[in-house]
Amino acid sequence: MSIGLLEQGVERVQGITGRRVEALAEAGVRTVRDLLHYYPRRYLDRSSVVSIKELRADMTAVTVVGTVVGANTVRGRTGYRFELVLQDQYSQTMKCVWFKSVQWISKRFAKGDQVAFHGRPQRYGGMFSMAHPDFDKLGKDSAALDTGRIIALYPGGAALSSVGLTSRTFRRIIHEFFKENLEALPEPLPSDICEAAALMDGATALRAIHFPENRDELEAAQRRLKFEELFFIQAMLAQMRRRRIVHAGPRLEPPGTQTKQFLAEGLPFELTRAQQAALKDIARDMQTGKQMRRLLQGDVGSGKTVVAVAAMLHALDSGYQSAFMAPTEILAEQHYANLRKYLDPLGVPLRLLVGGLPKAERSRILDDIAEGRTQIAVGTHALIQDDVTFQRLGLAIVDEQHRFGVMQRARMFEMGARPHMLLMTATPIPRSLAMTLYGDLDVSIMKELPAGRRPVRTALRYDKSREQVYGFVRKEIAKGRQCYVVYPLVEESEKMELRDAESGYAELKKIFAPHKVGLIHGRMSRGEKEDTMTLFRRNDFNALVATTVIEVGVDVPNATIMIVEHAERFGLSQLHQLRGRVGRGGEQSYCILMADYKCTHEARKRLQVMVDTNDGFRISEADLKIRGAGDFFGTRQSGLPELKMAELPEDVALLSQARDLAFDLVARDPDLKEPGHAALREHLYAAYGNRGLGLSRIG
Ligand code: ADP
Ligand code: MG
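Student: Give me the site of ligand 1: which residues, what numbers.
Tutor: In the vicinity of ligand 1, 18 residues are found, and the nearest of them are Glu-270, Gly-301, Thr-305, Arg-453 and Arg-584. Take Thr-305: an N or O atom from its side chain is 2.6 Å from an oxygen atom of ligand 1. Here an oxygen atom of ligand 1 and a side-chain polar atom of Arg-584 are 2.7 Å apart. When ligand 1 is considered free in solution it has 570 Å² of accessible area, and contact with the protein chains removes 87% of it. For the shell around ligand 1, the per-class residue count stands at six nonpolar, six polar and six charged. Mapping the shell around ligand 1 onto the domain boundaries places at least three of its residues in each of domain 3 (257-446) and domain 4 (457-613).

In structure tokens, the structure reads:
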């Protein structure tokens, strides 16, 4: 049957054997389905080709087709280069130049070859040239071009072309496959969905993506394939969300004495309206008898921690334990210290479980958790893995949840005891992404900051103003304030980062003397880090030099200045997180971004966004525009399947439509049992079934 066909290995396809199978596997193509969805990266037709006389120096990326009339390896001052001369049909010529892989590339071309080059034209010595252009050898295809056809060009590379898998071979193989099997390809989308979204049918779309008749048909095929990939993800999320409704969770009583006492007397401030509303959502969820799966989204400083405390007390009032998880040990320790401030007066026993504890201590803590002598356990997410058993776990809270992916989350939800889950995040993300990344959750949003906060003032400064900046900091320290100085994480070299921070520390000690300066970084032992943070919190250190270990969650309200060194190396969301370390008390706070004067235009644009706004949502919109969705959405970070065709935020309208239709469908037919949904169920099972989502093959 046809579905089975798609799941079969590519070697099943004629023309694909031996080393080709291996090379394709390298490129992520293992099944027949993968091959059909190995989309062309570019199309060539008369309208997309530019003739050499039309070239201009301000063009960024163009395609030129012609015949190779000259090819030479040339020795230059700095080494060898390969030069090729291309002549187009109007007898105009252009050069292509390679400075790297000269030997390899020189063997690719011979005089007389028909080639399409894609790249950026530059004027050089009275002639246009392209450096390291992308290329496709055309052979007979150039004749096809003259007849007005559209030709698909595939992602290539040395590995594929070395086994003969050029664009031409791909087209031939897929063409042959379609001759035999096109009719038999299944339609995974239910017909009412295709109709509602006015989609081309699946088999036609696949044929047209590889062999488009014309531009209109190609666009319709692209739209259909974008839609289906978004739809499948949404259908999966709808299923995950449905499981919450299906699964029982601890049924709590209404909040009792501990919660009430805490809210009435335990806080030095009034809860904001947003905090109250979030608490109400949570309390309601936990009394339904179904598992809560709620995301609490609130910008940095909106006060998520006390909401978490109240929720844990609510669980405790009904006799349940809570686990409070943070992404880093520093943060876990800080939460522990903070929570004790709130909970010690109520006599609530609390334990901290992090890595590197002495064995005896660790096992004592584990016993306390297992035998119910502690009601609340704080730690990293190791808390819910490993060997930790709770006597009666009712609520698990995950702070800074954006550090965890969708699939990791799915596993947490399915944990043995099925506690209520409260996920907290300060990373505001644009709606288009929230729909996908958090599509399986209920969401409470806290848009309000506690009263009396003054927006942090942000400035962009360069080295030449350094003295002035330090003078300003000294003045603020004299008033009793504190300052962070942060150095970036240098991915390639933790050592370099450390060196930067350490030499900065040595220097600042002199500059700020007699004020005291501390240093904290990831290589320190747990105890050292803890001591340093304690000293800083007590204002024994007036300034703290740090690597990005302090990025998330650290809360010292008296710290009002944040200096970020090499600010141009940070991403926007990271800068926003860092800036969130100040502006947490009533005093005016400042964030000073120190950038390299020579940084790129793009970096400057990014930093300007920080100067212009404190609004996390606007920052993340800007971030998405600058970086593209890939970074947010990549498989690695989000745990979601990579988008091959759709692009965000460009395709957000299509995403919205796919989401509505998918959620509607899962609401009508939760187990996809109707005959018209069988193909969809098969598809979802094949794609996600073994990823811990618990989709069952037979409804
Ligand atoms: P985040 O949401 O970034 O985790 P925190 O929970 O760390 O924020 O809270 C930030 C600071 O605001 C803390 O010092 C906390 O004590 C304080 N805070 C929380 N809620 C309120 C409130 N309703 N009024 C005044 N201050 C508050
Ligand atoms: Mg926090």
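Student: I'd love a proper account of the sheet that holds strand S7 (residues 127-131), names of residues and values included.
Tutor: An order of S6-S7-S4-S3-S2-S5-S8 is seen for the seven strands of this open sheet, with the pairing classed as mixed. Each end of this open sheet is capped by a strand with a single partner; those strands are strand S6 (122-124) and strand S8 (134-137). The mean angle between the axes of side-by-side strands here comes to 40°, regardless of whether they run parallel or antiparallel.

Student: Give me the lowdown on the sheet that holds strand S18 (residues 482-486), citing residues and values where you can.
Tutor: Two orientations exist for strands paired in a sheet by backbone hydrogen bonds: parallel and antiparallel. One open sheet holds the six strands; their spatial order is S17-S22-S21-S18-S20-S19, and the pairing between them is parallel. Only two strands of the sheet have a single partner each, and these edge strands are strand S17 (457-462) and strand S19 (517-520). Going from strand to strand, the sheet's axes swing by 20° on average, the running direction of each strand aside. As defined by bridge partners, S19 adjoins strand S20 (residues 543-546) across four bridges and the pair is classed as parallel. Among the inter-strand pairings, Ile-520 is bridged to a residue of S20, identified as Ala-546.

Student: Could you give an account of the nonpolar core, with specific residues and numbers?
Tutor: In this structure, Phe-262, Leu-339, Leu-343, Val-378, Phe-390, Leu-395 and Leu-422 are the most contacted members of the largest nonpolar core, which totals 62 residues. Examining the composition of this core, we find that ten residues originate from one element, helix H13 (residues 304-317), more than from any other. Leu-422 has contacts with Ile-282, Met-292, Arg-294, Leu-296, Leu-395, Ala-396, Ile-397 and Val-398, leaving out every residue within four places of it along the chain. Leu-24, Tyr-39, Val-163 and Leu-206 belong to the second-largest nonpolar core, a separate cluster that totals 38 residues.

Student: Residue-level account of the pairing of S7, with values.
Tutor: In the sheet, strand S4 (residues 93-98) pairs with S7 via three bridges, with the strands oriented parallel. Each bridged residue has a counterpart across the sheet, and for Cys-96 the counterpart in S7 is Met-130. What sits between S6 and S7 in their antiparallel hairpin is a turn of two residues, with Gly-125 showing a positive phi close to 55°.

Student: Can you tell me about helix H11 (residues 257-265), naming the residues and giving the values?
Tutor: For H11, the full list of buried residues reads Gln-258, Thr-259 and Phe-262. Projected down its long axis, H11 carries its buried residues within an arc of 100°, all on one side. Counted as exposed and oriented over 90 degrees from the buried face of H11: Thr-257, Lys-260, Ala-264 and Glu-265. Tucked into the core, H11 has its buried residues touching H13 and helix H14 (329-343).

Student: Help me get a handle on the packing of aromatic side chains, residues and values and all.
Tutor: When we look at a pair of aromatic rings, we describe it by the centre distance and by the angle of the planes. Summed over the entire model, instances satisfying the criterion amount to 18 aromatic pairs. Between Tyr-462 and Tyr-597, the ring centres sit 5.0 Å apart and the planes meet at 85°, which makes this aromatic pair edge-to-face. Remark: Tyr-597 occurs in the loop between strand S22 (590-595) and helix H22 (601-612) and Tyr-462 occurs in strand S17; sequence separation between them is 135 residues. Members of the aromatic cluster, each reached through a chain of ring pairs, are Phe-82, Trp-98, Phe-109, Phe-117 and Phe-135. The residue whose ring lies beneath Arg-108 is Trp-104, and the NZ or CZ to ring-centre distance is 4.2 Å. The ring of Tyr-597 is capped by Arg-604, whose NZ or CZ atom sits 5.2 Å from the centre of that ring.

Student: Help me get a handle on the environment of Arg-584, residues and values and all.
Tutor: Tracing the sequence through the fold places Arg-584 in the loop between helix H21 (572-579) and S22. There is a polar contact of 2.6 Å between the side chain of Arg-584 and the backbone oxygen of Gly-580.

Student: Residue-level account of the pairing of strand S13 (residues 376-379), with values.
Tutor: The alternating pattern of S13 places Ile-376 and Val-378 on one face and Ala-377 and Gly-379 on the opposite face, and all of these are buried. Both strand S11 (residues 321-325) and S13 contribute to a ladder of four bridges, which runs parallel. Directly across from Ala-323, in S13, lies its bridge partner Ala-377. Bridge analysis of strand S12 (residues 350-353) against S13 gives four bridges, and the strand direction is parallel. Looking at the pairing, Leu-350 lines up with Ile-376 of S13. Handedness of the β-α-β unit built from S12, helix H15 (residues 359-370) and S13 comes out right-handed.

Parameters at a glance
Each chain carries its own residue numbering, running from 1 in the direction its sequence is written. To read the labels, note that chains go from A and ligands from 1, taken in the order they are written. Totals for whole chains, interfaces and linings use all residues, but because this is a predicted model, local features are given only for residues with pLDDT of at least 70 and pairs of side-chain atoms are given and counted only at 80 or more. Processing note: side-chain calculations cover all non-hydrogen atoms of the structure and skip hydrogens and water entirely. When we say a residue is near a molecule or strand, we mean one of its heavy atoms is within 4 Å of it. Polar contact criterion, stated in full: a pair of N or O atoms within 3.5 Å, where within protein one must be able to donate a hydrogen and the other to accept it, and residues adjacent in sequence count only if both atoms are side-chain atoms. All accessible areas in this document rest on Shrake-Rupley with a 1.4 Å probe, and a residue is counted as covered only by the protein chains that are shown. Under the convention adopted here, Pro, Cys and the residues Ala, Val, Leu, Ile, Met, Phe, Trp and Tyr are nonpolar, Asp, Glu, Lys and Arg are charged, and Gly plus all remaining residues are polar. Domain delimitation in this document rests on an assignment produced automatically or drawn from a domain database. Two strands pair if DSSP finds at least two bridges between them. Each helix is a run of DSSP H or I of at least 4 residues and each strand a run of E of at least 2, with the numbering of both proceeding from the N terminus. All axes are obtained by fitting lines to C-alpha atoms, using only the stretch in contact for helices, and the reported angles, taken between N-to-C directions, cover 0 to 180 degrees. To form a nonpolar core, buried Ala, Val, Leu, Ile, Met, Phe, Trp, Tyr and Cys residues must be joined to one another through side-chain atoms within 4.5 Å. In this scheme, a residue with accessible area under 20% of its type's maximum is buried, one over 50% is exposed, and one in between is partly exposed, where area comes from a 1.4 Å probe on protein chains only. What makes two residues a contact is simply this: any of their non-hydrogen atoms within 4.5 Å. The reported arc concerns the directions from the helix axis to the C-beta atoms and nothing else. Stacked, tilted and edge-to-face are the three classes applied to pairs of Phe, Tyr and Trp rings, where Trp contributes its six-membered ring and a pair requires centres within 6.5 Å; stacked means planes under 30 degrees apart, edge-to-face means over 60, and tilted covers the rest. Only when the NZ of Lys or the CZ of Arg is both within 6 Å of the ring centre and within 35 degrees of the ring normal is a charge said to sit over the ring. Note on handedness: a crossover is taken as right-handed if, strands pointing away from the viewer, the path from the first strand over the helix to the second is clockwise.

Just distances and angles here, no functional claims.
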